[in-house]
Amino acid sequence: IFINATIIGLVALTWCLSTQFSKTALNFDKKNFNAPYFMMWFNTNLMLLCFPVYIFVDKLRSKRSINEIAGETFRTFGKKKGFSIRNLFIYVTPFLVFWVGANYPYVRALLLITPSVATSISACNAAFVYILAIFLLGDTINIFKIFSVVLAIGGVVVISLDNEMRIEWLGILCAFLSAFMAAVYKVSFKKIIGNASLGDVSLFMTCLGFLNLTINWIPALVLALTGVETLKFAYAPWGPMVGAALLSMAFNFTINFGIALLNPLVISVGMLCGIPLNTVIDILFRGLETTTLFIVGTCLIILSFLLIIIPYDKLKLNGNITRCTKNDKTGATVCEKL
């Protein structure tokens, strides 16, 4: 219980605070620093630390050598095809595109809407994951999960219609796009990479950070040179930016280790807890005035989230219970479903 509560708390806290720090950095000095793409690039670079931290933790836990730990993970990279420069680009490059599609619109949305609205809408990615999983992974159709998709979209619509909060449509659209691309990233990872171990995920995230560092600086430079983004390093809010980057890395670490240690459901509950936490911070420190439509829309999204994460297959007990009896004469054991 303690471990579950700790992981849930860390997921909610790191996700919430990384969003709040990003919002602070973007609002610090818009005249001299307005560069959401650069911020995303800067944050993603810290993903380079994922695999080294995994090796360090595994060595403490298992007492194995670094070469043994790294060698085992290298052999299982990319559906057990092994780690190579070729496989690095084949398996990781598409996900860098999906990563940018999920994170850049989210950071961009924070320029226009509050963190509480952004996190509420981003929770819709669970519904998008289900829809994509039906088409790409062959998941079965469940009427409750279909209903959750309708609730998620309805919640976004209700929030966007709230004129009292003066929410900009472009911010809503960016957050919605971020949620969809996050779903594409997750489903594609399952489709292309398959069932990955914690070591595989850590190595993958480090490779993602490496490609981001070596390739993804080009769009950031182009946006700065063309004037689309304003980037003056002398005025850059390095404090909030470093804080957002460290918290974002901690969020990804917690997710990876939490899934390996516990299960994805715990992580989902943690992200769900991040929504009211962001709302409380916005009310206390950013002067957010909650309205009826915002509360109704957020509740619809939370209900959608809950319907998505319920393990319906575990609730169907009929037909899954068996009774086994042993024949005294033959010694054979016969089992039948109850």
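Preceding this section is the structure that the text describes.
Below is a short write-up of the structure. Since this is a predicted model, take the numbers as computed values, not measurements. (Residues numbered from 1 in each chain as written. Predicted model: local features only at pLDDT ≥ 70, side-chain atom pairs only at ≥ 80, totals over all residues. Heavy atoms only, no water.)

On inspection of all chains with the given rule, the structure shows four salt bridges. For Asp 58, the salt bridge goes to Arg 61, with nearest N and O atoms at 2.7 Å. Taken together, the residues Asp 58 and Arg 61, both in helix α3 (residues 50–62) and three residues apart, mark about one turn of the helix. Using a relative accessible area of 4% as the deciding quantity, one classes Asp 58 as buried. For the salt bridge of Arg 64 with Asp 58, the shortest nitrogen-to-oxygen distance reads 3.1 Å. Judged by its relative accessible area of 19%, Arg 64 is buried. Here the residues in one salt-bridge network are Asp 58, Arg 61, Arg 64 and Glu 72, joined through shared partners. (Salt bridge = Lys/Arg side-chain N within 4 Å of Asp/Glu carboxyl O. Helix = DSSP H or I, 4+ residues; strand = E, 2+ residues; numbered from the N terminus. Buried < 20%, exposed > 50% of the residue type's maximum accessible area, 1.4 Å probe, protein only.)

Quick look at the environment of Asn 34 now. Residue position: Asn 34 is located in strand β1 (residues 33–34). Residue Asn 34 is classed as partly exposed on the basis of its relative accessible area of 22%. Between the C-alpha atom of Asn 34 and that of Glu 229, which follows or precedes it by 195 residues, the distance is 5.6 Å.

One can describe the packing of helix α2 (residues 36–45) onto helix α6 (residues 85–109) by two numbers: an axis separation of 9 Å at closest approach and a directional angle of 125°. When the interaxial angle is binned, α2 and α6 end up oblique. Crossing geometry of α2 relative to α6 is assigned as right-handed. Residues Pro 36, Tyr 37, Met 40 and Thr 44 of α2 lie in contact with α6, whose contacting residues are Trp 99, Val 100, Asn 103, Tyr 104, Val 107 and Arg 108. Of the residues in the contact of α2 with α6, the class split is seven nonpolar, two polar and one charged. (Axes fitted to C-alpha atoms, helices over the stretch in contact; angles between N-to-C directions. Parallel < 35°, antiparallel > 145°, perpendicular 65-115°, else oblique. Left-handed = near helix turned anticlockwise from the far one by under 90°. Contact = heavy atoms within 4.5 Å. Nonpolar A, V, L, I, M, F, W, Y, C, P; charged D, E, K, R; others polar.)

The next thing to look at is the environment of Phe 42. Considering the arrangement of structural elements, one finds Phe 42 in helix α2. Owing to a relative accessible area of 22%, Phe 42 belongs among the partly exposed residues under this scheme. Between the C-alpha atom of Phe 42 and that of Ala 244, which follows or precedes it by 202 residues, the distance is 9.7 Å. Setting aside residues no more than four positions away along its own chain, Phe 42 makes contact with Trp 238, Met 241, Val 242 and Ala 245.

Here the focus is α3. Turn by turn, an α-helix covers 3.6 residues, leaving residues three or four places apart pointing in a common direction. Over its 13 residues, α3 extends 18 Å from the first C-alpha to the last, a length consistent with the 18 Å expected when each residue adds 1.5 Å. Within the span of α3, buried status applies to Cys 50, Phe 51, Tyr 54, Ile 55 and Asp 58. Looking straight down α3, one finds that the buried residues subtend no more than 130° of arc, so they occupy a single side. Along α3, the residues that are exposed and aim more than 90 degrees away from the buried face are Phe 56 and Leu 60. (Expected span 1.5 Å × (residues − 1). Arc of directions from axis to C-beta.)

Applying the stated criterion across every chain, the model contains 19 aromatic pairs. Judged by centre distance (5.1 Å) and plane angle (20°), the ring pair of Phe 74 and Phe 83 falls under stacked. Judged by relative accessible area, Phe 74 falls into the partly exposed class, the value being 32%. Residue classification places Phe 83 among the partly exposed positions, given a relative accessible area of 33%. Between Phe 95 and Tyr 185, the ring centres sit 5.6 Å apart and the planes meet at 80°, which makes this aromatic pair edge-to-face. Note that Phe 95 is positioned in helix α6 and Tyr 185 in helix α10 (residues 169–192), a separation of 90 residues in sequence. The class for Phe 95 is buried, based on a relative accessible area of 0%. Counting every residue linked through ring pairs, the aromatic cluster contains Phe 95, Phe 98, Trp 99, Tyr 185, Phe 189 and Phe 204. (Phe/Tyr/Trp six-rings, centres within 6.5 Å; stacked < 30°, edge-to-face > 60°.)

We now examine the nonpolar core. Residues Val 92, Tyr 185, Phe 204 and Met 205 are the most contacted members of the largest nonpolar core, which totals 81 residues. In this view, Tyr 185 contacts Phe 95, Phe 98, Trp 99, Phe 204, Met 205 and Leu 208; residues no more than four positions away in its chain are not counted. One finds Met 40, Val 100, Ala 220 and Leu 223 within the second-largest nonpolar core, a separate group that totals five residues. (Core = buried A, V, L, I, M, F, W, Y, C linked by side-chain atoms within 4.5 Å.)

Let us look at the side chain of Thr 279. Inspection of the secondary structure assignment puts Thr 279 in helix α14 (residues 264–285). A polar contact of 3.0 Å, which involves the side chain of Thr 279, links it to the backbone oxygen of Ile 275. What Thr 279 contacts, discounting residues up to four positions off in sequence, is Ser 116, Leu 288, Thr 290 and Phe 294. (Polar contact = N/O pair within 3.5 Å; in protein donor to acceptor, adjacent residues only side chain to side chain.)

A few words on a nonpolar patch on the surface. Together, Ile 153, Val 157, Leu 161, Trp 169 and Leu 293 make up a nonpolar patch on the protein surface, roughly 480 Å² of accessible area in all. Mapping Trp 169 onto the fold places it in helix α10. Its relative accessible area of 58% is what places Trp 169 among the exposed residues. (Patch = residues over 30% accessible without salt bridge, like charges linked within 9 Å, V, L, I, M, F, W, Y side chains within 5 Å. Areas by Shrake-Rupley, 256 points an atom, 1.4 Å probe, with all protein chains shown as cover.)

Here we take up the packing of helix α8 (residues 125–136) against α10. At a minimum axis distance of 8 Å, the contact between α8 and α10 shows a crossing angle of 40°. On the basis of their axis angle, the class for α8 and α10 is oblique. Crossing of α8 over α10 shows right-handed handedness. Within the contact between the two elements, α8 uses Asn 125, Phe 128, Val 129, Leu 132, Ala 133 and Leu 136 and α10 uses Phe 176, Ala 179, Phe 180, Ala 182, Ala 183, Val 184, Lys 186, Val 187 and Lys 191.

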